[in-house]
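Single-letter residue listing:
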Amino acid sequence: MTNPLSRGVDTRSLLYRILESPEQVSALQQLPAPALTRLIHHVGLEDAGELVALATTQQLAHIFDEDLWRSTRPGKEERFDPKRFGLWLEVMLEMGADRAAARLTEMDEDFVTFALSAQLLVLDLDALTLDRMRSTEAQDDEALVDKALESSLSHELDRFLLIARQPESWDAVLSVLVALDEAHHELLVRLLERCCHQASEFIEDNGGLYAVLTTAEQLEADVSQAREERREREGFVAPTDAAAFLGLARAGRVGDDPITRGYVRAQREAIRTPPARVDGAQPAQATAMPLLHLLQEAEVLTTQPPVALLGEGGGSGTYASARVLRDALAWLQGEAPEALSRCMQDLGYLANVLLSGCGHSGRPLRALEAAQVAMATCNLGLEANLEAGTAPSRTGALLLREGLVPAFGQGWRVLHEDVVMRSARAFDAALALKVPSGRGEAAKTRAELARDITAGKPWASRKRWIHLAPFLSKAAFAAMRELVDECPAFNGAFLATREQVEAAARRVGELLAPPSR
């Protein structure tokens with residue numbers, strides 16, 4: 001177990017090694033945004049003020065795309081986290097309010113408007129006074145509004161009244177806005193006018209000013225589409241799209257599906273419009289290489305590739321099991337290198353789909369797990385495809401023609417029907433003999449399981465399965481937790497072969513068989 005104190009010393013040492021060297025500082029600004037994000041997360045945002053000060057605006061924009069959006073669970077829409085943005089403002093203020101404000105002026109204006117709207121309710125003072133003079137509301141209602149305004153953190157700036165929606169970050173937001181007013185007054189007025197317009201619509205749609213001042217509901221503004229398009233070009237898949245893709249895969253309808261078509265289209269667009277390069281700048285990879293080595297040494301970044309697809313396959317586990325896929329890719333390497341490259345891109349896409357849209361054991365998949373599942377599922381799909389056969393040349397020719405997405409779809413359907421649903425039905429049948437009917441927690445949980453099975457998502461209520469554990473042996477309950485899952489496993493490994501699927505079915509039969517009389 002890692003000692004938190006020793007980790008803190010290592011983190012400070014790492015920061016010192018980066019910041020003491022002009023070469024490392026220069027390389028930091030050439031570092032790919034995902035690597036810089038990992039470094040900031042490793043250090044902790046609250047302690048990363050110096051790194052944030054050195055980062056370029058382009059790097060920060062990429063980091064914001066990843067760090068400021070949260071999903072409650074895989075497959076659910078990501079939502080902007082205003083509290084996290086408030087923390088970022090506090091960290092940016094360590095470089096000085098004027099520099100923090102200058103950074104905001106360099107960012108996309110739609111994003112800045114959206115982010116500020118989540119922090120502030122912006123009201124036009126003149127319009128507010130006029131509206132209240134014309135108001136037909138009762139005096140009691142007026143008194144309630146006055147009381148709510150008095151109890152809110154607020155500030156008059158220019159002709160606007162700013163009211164805090166996130167009290168924790170009020171000081172930071174106000175400091176940045178005052179600095180914007182001093183150096184970029186016209187931009188600030190434009191931002192506040194847009195926030196004010198959005199606030200007016202929000203107040204009108206949500207029951208008036210008093211209702212808005214006394215509710216925790218967040219102002220909605222849609223900058224997510226632009227973010228998703230940027231991230232799609234970088235290979236990411238939105239959680240809702242990923243969940244939809246996996247749903248189509250369970251029904252056997254992927255390959256030419258709209259989600260994959262959109263992903264391919266975005267990748268082609270990214271190839272046609274590579275990022276602009278600053279004149280005279282060295283290639284980012286060459287400049288940042290010593291820093292990348294330092295981050296690998298500090299275990300901020302991994303030194304190992306996510307999947308060793310073309311290895312010899314010795315040992316055990318997912319890599320060794322995926323023989324059909326591995327042999328087909330090896331054949332492509334010799335016969336059609338461009339097709340091999342496309343298949344590797346497909347694996348990256350599929351791993352991103354799984355990361356974004358699929359859970360495992362009640363949590364999101366980790367990056368390496370997602371790569372393993374993508375490879376295992378593709379192998380299972382190829383085994384299930386009678387056209388592929390067993391010869392690497394035949395399987396490779398199929399991949400040359402179709403790529404890996406259809407194979408993944410076939411494998412995912414096999415997992416769902418022959419592993420998850422089959423195990424779930426056996427689970428329910430065993431419980432029917434053992435769980436007493438009535439209103440107890442076990443009976444309620446079993447009823448939920450039955451509904452989930454009918455809906456095709458037997459894992460949905462797995463958090464409540466603890467009430468079912470006393471009615472099965474420890475081995476049987478553990479097996480159900482593994483197999484009746486959105487992303488199933490068997491004996492701690494992801495299923496890559498038909499033989500493993502059949503072994504899982506036999507084990508379920510043994511564990512859940514009714515006792516002999």
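Residues numbered from 1 in each chain as written. Predicted model: local features only at pLDDT ≥ 70, side-chain atom pairs only at ≥ 80, totals over all residues. Heavy atoms only, no water.

Trainee: Go over the overall build of the protein chain, please, and point to the residues and values.
Mentor: Looking only at helices and strands, the protein chain features 26 helices and 7 strands. Residues classed as buried in the protein chain amount to 47% of the 517 residues present. For the protein chain, the exposed area adds up to about 26600 Å²; of that, 51% sits on carbon and sulfur atoms. (Helix = DSSP H or I, 4+ residues; strand = E, 2+ residues; numbered from the N terminus. Buried < 20%, exposed > 50% of the residue type's maximum accessible area, 1.4 Å probe, protein only. Areas by Shrake-Rupley, 256 points an atom, 1.4 Å probe, with all protein chains shown as cover.)

Trainee: Before we move on, could you go through the nonpolar core and cite the residues and values that matter?
Mentor: Membership of the largest hydrophobic core comes to 74 residues, with the highest contact counts inside it found for F245, Y349, L354, L399, W412 and F427. In terms of residue count, helix α23 (residues 405–434) provides more of this core than any other element does, 12 residues in total. Apart from the residues lying within four places of it in its own chain, the contact partners of F245 are V254, D257, I259, T260, Y349, L350, V353, V405 and F408. The next biggest cluster of nonpolar side chains, apart from the first, holds 66 residues, and it includes L87, F160, A172 and L187. (Core = buried A, V, L, I, M, F, W, Y, C linked by side-chain atoms within 4.5 Å. Contact = heavy atoms within 4.5 Å.)

Trainee: Got a sec to walk through a positive patch on the surface? Specific residues and values, please.
Mentor: A surface patch of positive charge is lined by R73, K76, K457 and K463. Mapping K463 onto the fold places it in the loop between α24 (441–454) and α25 (474–483). By relative accessible area, which is 78% here, K463 ends up exposed. (Patch = residues over 30% accessible without salt bridge, like charges linked within 9 Å, V, L, I, M, F, W, Y side chains within 5 Å. Salt bridge = Lys/Arg side-chain N within 4 Å of Asp/Glu carboxyl O. Lys, Arg positive; Asp, Glu negative; His and termini not counted. Charge placed at Lys NZ, Arg CZ, Asp CG, Glu CD.)

Trainee: Pulling in residues and values, what's your account of unusual backbone geometry?
Mentor: Phi at D158 takes a positive value of approximately 60 degrees, unusual for a residue other than glycine. Following the sequence through the fold, D158 ends up in the loop between β4 (154–157) and β5 (160–164). Here N491, not a glycine, exhibits a phi torsion of approximately 55 degrees, which is positive.

Trainee: Break down the environment of L87 for me, with residues and values.
Mentor: Note on placement: L87 falls in helix α6 (residues 82–92). Taking the C-alpha atoms as reference points, L87 and E46, 41 residues apart in sequence, are found 7.7 Å from one another. In this structure L87 touches L45 and E46, once residues within four positions along its chain are discounted.

Trainee: Run through a negative patch on the surface, naming residues and quoting values.
Mentor: Together, E46, D47, E50, E90, E94 and D171 make up a negatively charged patch on the protein surface. When you line up the elements, E46 lands in the loop between α3 (33–43) and α4 (49–54).

Trainee: Can you tell me about the packing of aromatic side chains, naming the residues and giving the values?
Mentor: Given two aromatic rings, their pairing is described by the distance between the two centres and the angle made by the two planes. According to the stated counting rule, one finds 13 aromatic pairs in the structure shown. A centroid spacing of 5.3 Å and a plane angle of 75 degrees characterise the contact between F427 and W465, whose relative ring orientation is edge-to-face. Of this pair, F427 sits in helix α23 while W465 sits in the loop between α24 and α25, placing them 38 residues apart in sequence. Classification of F427 by relative accessible area gives buried; the value is 0%. An aromatic cluster is built from F64, W69, F80, F85, W88, F111 and F114, whose rings are joined through pairwise contacts. (Phe/Tyr/Trp six-rings, centres within 6.5 Å; stacked < 30°, edge-to-face > 60°.)

Trainee: Before we move on, could you go through the side chain of R84 and cite the residues and values that matter?
Mentor: With respect to the helices and strands, R84 occurs in helix α6. Looking at R84, the relative accessible area reads 17%, which means it is buried. Dropping the residues within four chain positions of it, R84 is found in contact with H41, L45, D67, L68 and R70.

This is a description of form; function is not addressed.
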